[in-house]
Amino acid sequence: MKDQIEAIQTEALARIDSANDAKTIEDARVGILGKQGTLTKVSAGMRDVAKEDKAAVGQLLNAARQAITAALDSKKSALQDIQDAEALKGIDATLPGRSVHQGSLHPLTHIRHEAISILRRMGFALADGPEIEDEFHCFDALNTPEDHPARNEKDTFYFDSGKLLRTHTSSVQVRTMEGEAPPVRIIAPGSAYRRDEIDATHLSVFNQLEGLYVDTDVSLGDLKGTLEYFLHELFGAETEVRFRPHFFPFTEPSFEIDVKLHAKGQAPKWIEVAGCGMVDPAVFDAISGSRKDDSYSPDKVTGFAFGMGLDRLAMIRWGIRDIRLLIENDARFLSQFA
Ligand code: DAH
């Protein structure tokens, strides 16, 4: 039996040694150590071995099994190494990885989100209106006479139908009051369109945010407090804000609001960011005409309104010198806001 075991071991090791794929190895394992394997079969002969030889033959059998198992394992891992090396051929594992490009918010989106969030905290709800407007909602109801320069074809994009691209978001004020009884407290962010010559501070499509608050006792103090708070939240509590008397057809009194801009390397200067005022009674009268009720009668309600340029706010916030950067989609510019 000893000779048999030695012969099987020798033959097995040679077989394993010459195997060069996983299947041949597995076949060898089954053929030698499996249920019907050569070594398994021989070990059945143990029962016929003389008592005094059992220990020695048993040891030999174990040693053969261990040697064969070790040879199988090392052959398997050697084959695996060859396979791995093959798979990695041509791959330089020392090359730096490719970075994943991550998008980020456009500065305009960012400033709009921030503005909306501040005003919502103060109780303003979002409102919406069409960008293709009629003259009534864009001008007439807002007390803007026929001969007002803003209505001129040179300034406004008109369609053949007589409709127009809204020149400001103030038209949403009108639509809101037509649809809802007071009190109303809304903000309406959105695009506005003008036939402006495009330069560093003008685009023909720009972004505004309109606000309107109408109730029984809204005062100029409310207007000032609301907008000062808003601008301090947006630009920082130490930011200087001033209200400058102005004229708008739809508010009386009216103001323009300036913010003191401290840009790096430049002398501080006042920048206009918004128009505002107390809603003109003529606007309430127009709304009463549309609604055919007196819920917005100037005898009952007062209100304030404001409209600001979101592009301007973004420019001030980040010291952007040319408004055109906001629409050029140059990744070198935009990535600074990531
Ligand atoms: N509509 C004005 C503009 O586009 C901005 C504005 C001024 C809106 C005063 C208002 C306001 O609601 O009360 O320049």
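Look up: the structure comes first, before these words.
Residues numbered from 1 in each chain as written. Predicted model: local features only at pLDDT ≥ 70, side-chain atom pairs only at ≥ 80, totals over all residues. Heavy atoms only, no water.

> Break down the packing of helix α5 (residues 107–121) against helix α8 (residues 220–235) for me, with residues and values.
Interhelical geometry of α5 versus α8 gives an angle of 135 degrees and a closest axis separation of 10 Å. With respect to α8, the element α5 is oriented oblique. With respect to the hand of their crossing, α5 and α8 are arranged in right-handed fashion. Along its contact with α5, which presents I111, E114, A115, I118, L119 and R121, the element α8 presents Y229, F230, E233 and L234. (Axes fitted to C-alpha atoms, helices over the stretch in contact; angles between N-to-C directions. Helix = DSSP H or I, 4+ residues; strand = E, 2+ residues; numbered from the N terminus. Parallel < 35°, antiparallel > 145°, perpendicular 65-115°, else oblique. Left-handed = near helix turned anticlockwise from the far one by under 90°. Contact = heavy atoms within 4.5 Å.)

> Tell me about the pattern of salt bridges, residues and numbers included.
Counting across every chain of the model gives 18 salt bridges. Note that R291 is salt-bridged to D293, the shortest N-O span being 3.1 Å. Here D293 falls in the partly exposed class, since its relative accessible area comes to 30%. In the salt-bridge network here, residues are joined through shared partners; they are R242, R244, E256 and D258. (Salt bridge = Lys/Arg side-chain N within 4 Å of Asp/Glu carboxyl O. Buried < 20%, exposed > 50% of the residue type's maximum accessible area, 1.4 Å probe, protein only.)

> Help me get a handle on the pairing of strand β7 (residues 251–261), residues and values and all.
In terms of residue burial, β7 counts as a mostly covered element, since eight of its eleven residues are buried. Once strand β6 (residues 241–248) ends, the chain turns through two residues before running back antiparallel as β7. Both β7 and strand β8 (residues 269–279) contribute to a ladder of nine bridges, which runs antiparallel. Bridge pairing in β8 links I257 to A274. (Pairing = 2+ DSSP bridges.)

> If you had to explain the site of the ligand to someone new, which residues and values would you point to?
The immediate surroundings of the ligand are formed by 15 residues, with H168, Q173, R194, Q208 and E210 found nearest. Between the ligand and the protein, one listed contact pairs an oxygen atom with a side-chain N or O atom of E210 at 2.5 Å. Contact distances for the ligand include 3.2 Å between an oxygen atom and a backbone N or O atom of A305. Considering the ligand on its own, with 350 Å² of exposed area, one finds that the protein chains cover 90% of that surface. Of the pockets mapped on this structure, the ligand occupies the largest pocket. Taken together, the elements giving at least two residues each to the shell around the ligand come down to β5 (205–215), β8 and β9 (302–309). (Near = heavy atom within 4 Å. Polar contact = N/O pair within 3.5 Å; in protein donor to acceptor, adjacent residues only side chain to side chain. Areas by Shrake-Rupley, 256 points an atom, 1.4 Å probe, with all protein chains shown as cover. 1 Å grid on protein atoms, 1.4 Å probe; cavity = no way out; pocket = protein on both sides within 12 Å on 5 of 7 lines; lining within 4 Å. Sits in = over half its atoms within 2 Å of the grid points.)

> Can you lay out the layout of surface pockets for me, pointing to particular residues and giving the numbers?
Space inside the largest pocket adds up to approximately 950 Å³. Of all the secondary structure elements, the ones that give two or more residues to the lining of the largest pocket are β5, β6, β7, β8, β9 and α10 (310–318). Ranked by the residues each element gives to the lining of the largest pocket, the list is headed by β8, at six residues. Of the residues belonging to the lining of the largest pocket, the class tally is 16 nonpolar, 16 polar and eight charged. By volume, the second largest pocket is sized at about 340 Å³. If you go around the second largest pocket, you meet 13 residues; those closest to its centre are L261, I271, M315, I320 and R321. Only β8 and α10 provide two or more residues apiece to the lining of the second largest pocket. (Points joined across faces, edges and corners; volume = space filled by probe spheres on them. Nonpolar A, V, L, I, M, F, W, Y, C, P; charged D, E, K, R; others polar.)

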